[in-house]
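Architecture at a glance
Below are the chains, spelled out letter by letter.
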Amino acid sequence: VEPIGIAVVGTGYWGPNLVRNIQGFAGADLRVVCDIDVDRATLAVGPHSTIRVTDVVEDVLSDPAIDAIAIATPVSTHADLALACLQAGKHVLVEKPLALSVAEGEKLVAAAAEFDRVLMCDHTYCFTPAVRRIRELTYAGALGDIQYFDSVRINLGLVRGDIDVFWDLAPHDLSILDFVLPEGCEPVAVSAQGADPINAGHACVGYLTLPLSNGGIAHIHVNWLSPTKVRTTIVGGSKRSLLWDDVNPAQRLSMYDKGVDLNGSAGHRDVQRNALVSYRVGDMVAPALPEREALSSAIEEFVGCIHEGRAPLTDGESGIRVLRTLEAAARSIELGGAAVPLHLS
Ligand SMILES: NC(=O)c1ccc[n+]([C@@H]2O[C@H](COP(=O)([O-])OP(=O)(O)OC[C@H]3O[C@@H](n4cnc5c(N)ncnc54)[C@H](O)[C@@H]3O)[C@@H](O)[C@H]2O)c1
């Protein structure tokens, strides 16, 4: 099979990771790297590279050797750029979040359908071995009913000027939630609280609370101001629970056979007496996970979808579900933290 000719547009902080992973993937041929700051494009390919660099996006769009374009520019530019790529007949991989609004995202999904091109949103974390395993386990029912999802993503982060901490960091947790919740279980509302203690002009610390359709609940904490880096997600189930600690390479994922069962339909007073509450204290196992960079699996998925003409695991629709939740969260903040209903499916 011929390798897919790819261009990367946008080589600031994240784009060079796309460049490196595309170069390392046999099924893809990185042909052009584009940034309006051409020095950054040159830096991304290295001084001795023969890969063409340019600061003119139109050159990439009109290049017949380019089948697909990976976009890692600021979020405010995603919709226009991705639309132009699709209209030029290119397959598109867009960095998260897909766009700045649901309306923009829907335009992209419609254009991908119209021009019969692959549209993938780089929800990178969905391609980590840990999250893929979590999804296998939740889909197979190994955790039982999902009772709660608790995700903390905090560190001394880059304080962005164009978007708040929800739009910057929560797409990760929201896309993971979307990816691991089994069929028929989804968030039904979101309430959001944020704070801007450094006067950045928008929230730098934020909390999202999302009741789930099965009676469970999800909570997401995102924060640019934390002195330490914490990336921990717990998925609690009626049978087993998972703890994913992304900053602990020695043991990223742990599965606990521990929990609380309530036997029979206990009334409030019975619970207080602990009459029907039993505690399960079983084993903890650490599932073996392959070590593989998520972005290389994402590139493989993108190229595979182009060859096979199928929808990516993180397609435009998944990008839109994340945008719907972010828009509802912004509305919740305007309403002082009130729960705003979500209709995701
Ligand atoms: N998947 C992840 O884990 C991850 C991590 C970080 C950032 N991101 C995403 O990557 C995207 C870029 O973020 P970043 O931190 O690299 O931003 P950045 O500001 O560091 O880099 C953006 C680059 O795009 C260039 N650019 C801007 N407009 C352009 C245009 N119209 N055409 C060509 N180049 C243009 C800029 O010159 C700059 O070099 C964002 O969507 C962000 O959310 C994803």
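Keep in mind that this is a model prediction, so the values were computed, not measured. (Residues numbered from 1 in each chain as written. Predicted model: local features only at pLDDT ≥ 70, side-chain atom pairs only at ≥ 80, totals over all residues. Heavy atoms only, no water.)

Digging into the overall build of the protein chain
- Secondary structure assignment for the protein chain yields 10 helices and 15 strands.
- Relative to its length of 345 residues, the protein chain is compact, with a C-alpha radius of gyration of 21 Å against a globular reference of 20 Å.
- Residue burial in the protein chain is summarised as follows: out of 345 residues, 50% are buried.
- In the protein chain, the proportion of contacts linking residues at least 24 apart, taken out of those at least 6 apart, comes to 66%. (Helix = DSSP H or I, 4+ residues; strand = E, 2+ residues; numbered from the N terminus. Rg over C-alpha atoms; globule rule 2.2 N^0.38 Å. Buried < 20%, exposed > 50% of the residue type's maximum accessible area, 1.4 Å probe, protein only. Contact = heavy atoms within 4.5 Å.)

Topic: the pattern of salt bridges
- For the structure on display, the rule yields 19 salt bridges.
- With its nearest N and O atoms 2.8 Å apart, the salt bridge here joins D63 to R52. Of this pair, D63 sits in the loop between α3 (57–61) and β4 (68–71) while R52 sits in strand β3 (residues 52–54), placing them 11 residues apart in sequence.
- For D63, a relative accessible area of 14% gives the class buried. (Salt bridge = Lys/Arg side-chain N within 4 Å of Asp/Glu carboxyl O.)

Quick notes on the sheet that holds β3
- Taken in spatial order, the six strands of this open sheet run β3-β2-β1-β4-β5-β6, and their pairing is parallel. With partners counted over all chains shown, the strands left at the sheet margins are β3 and β6 (119–122), one partner each. Between one strand and the next, the sheet's axes are offset by a mean angle of 25°, whatever the strand orientation.
- Sheet strands in contact with helix α4 (residues 75–87) are β1 (4–9), β4 and β5 (91–95), and its direction is about 165° off that of β5. (Pairing = 2+ DSSP bridges. Axes fitted to C-alpha atoms, helices over the stretch in contact; angles between N-to-C directions.)

Remarks on the side chain of T54
- Note that T54 resides in strand β3.
- Judged by its relative accessible area of 7%, T54 falls in the buried class.
- Among the polar contacts listed, one links the side chain of T54 to the backbone nitrogen of V56, at a separation of 2.9 Å.
- With residues up to four places along the chain from it excluded, the contact list for T54 reads V32, V33, C34, D35, V38, D59 and V60. (Polar contact = N/O pair within 3.5 Å; in protein donor to acceptor, adjacent residues only side chain to side chain.)

A short note on the packing of helix α5 (residues 102–114) against helix α10 (residues 316–334)
- The interhelical angle for the contact between α5 and α10, taken along N-to-C directions, is 170°, at an axis separation of 9 Å. Looking at the two axes, α5 sits roughly antiparallel to α10. From α5, V102, G105, E106 and V109 reach across to α10, where they touch G316, E317, I320, L323, R324 and E327.
- When the residues that make up the contact of α5 with α10 are grouped by side-chain class, the tally is four nonpolar, two polar and four charged. (Parallel < 35°, antiparallel > 145°, perpendicular 65-115°, else oblique. Nonpolar A, V, L, I, M, F, W, Y, C, P; charged D, E, K, R; others polar.)

Remarks on the site of the ligand
- Taken together, 21 residues surround the ligand, and among them D35, R40, K96, T124 and R160 come closest.
- Between the ligand and the protein, one listed contact pairs a nitrogen atom with a backbone N or O atom of I36 at 3.3 Å.
- Backbone polar atom of K96 to an oxygen atom of the ligand: 2.7 Å apart, as the coordinates give it.
- About the coverage of the ligand: the protein hides 86% of its 850 Å² of free accessible area.
- Its residues placed into classes, the shell around the ligand shows eight nonpolar, seven polar and six charged. (Near = heavy atom within 4 Å. Areas by Shrake-Rupley, 256 points an atom, 1.4 Å probe, with all protein chains shown as cover.)

A look at the layout of surface pockets
- Computed from the structure, the second largest pocket encloses a volume of approximately 430 Å³.
- Together, 22 residues line the second largest pocket, and Y139, D178, F179, L181 and R321 are the ones closest to its centre.
- Broken down by secondary-structure element, the contributors of at least two residues to the lining of the second largest pocket are α6 (129–139), α7 (165–180) and α10. (1 Å grid on protein atoms, 1.4 Å probe; cavity = no way out; pocket = protein on both sides within 12 Å on 5 of 7 lines; lining within 4 Å. Points joined across faces, edges and corners; volume = space filled by probe spheres on them.)

Here we look at the pairing of strand β13 (residues 253–262)
- Across four bridges, strand β12 (residues 241–245) lies against β13 in antiparallel orientation. Across the sheet, L243 pairs through a bridge with S254, a residue of β13.
- Across seven bridges, the pairing between β13 and strand β14 (residues 277–285) is antiparallel. Looking at β14, one finds that Y256 is bridged to M284.

Observations regarding the environment of D173
- Along the chain, D173 turns up in helix α7.
- With a relative accessible area of 0%, D173 lands in the buried category.
- For the pair formed by D173 and G12, sequence separation is 161 residues and the distance between their alpha carbons is 23 Å.
- Residue contacts for D173: discarding those within four places in its chain leaves F149, S151, R153, I220 and V222.
- Within the structure, D173 has its side chain in polar contact with the side chain of R153 (distance 3.1 Å).

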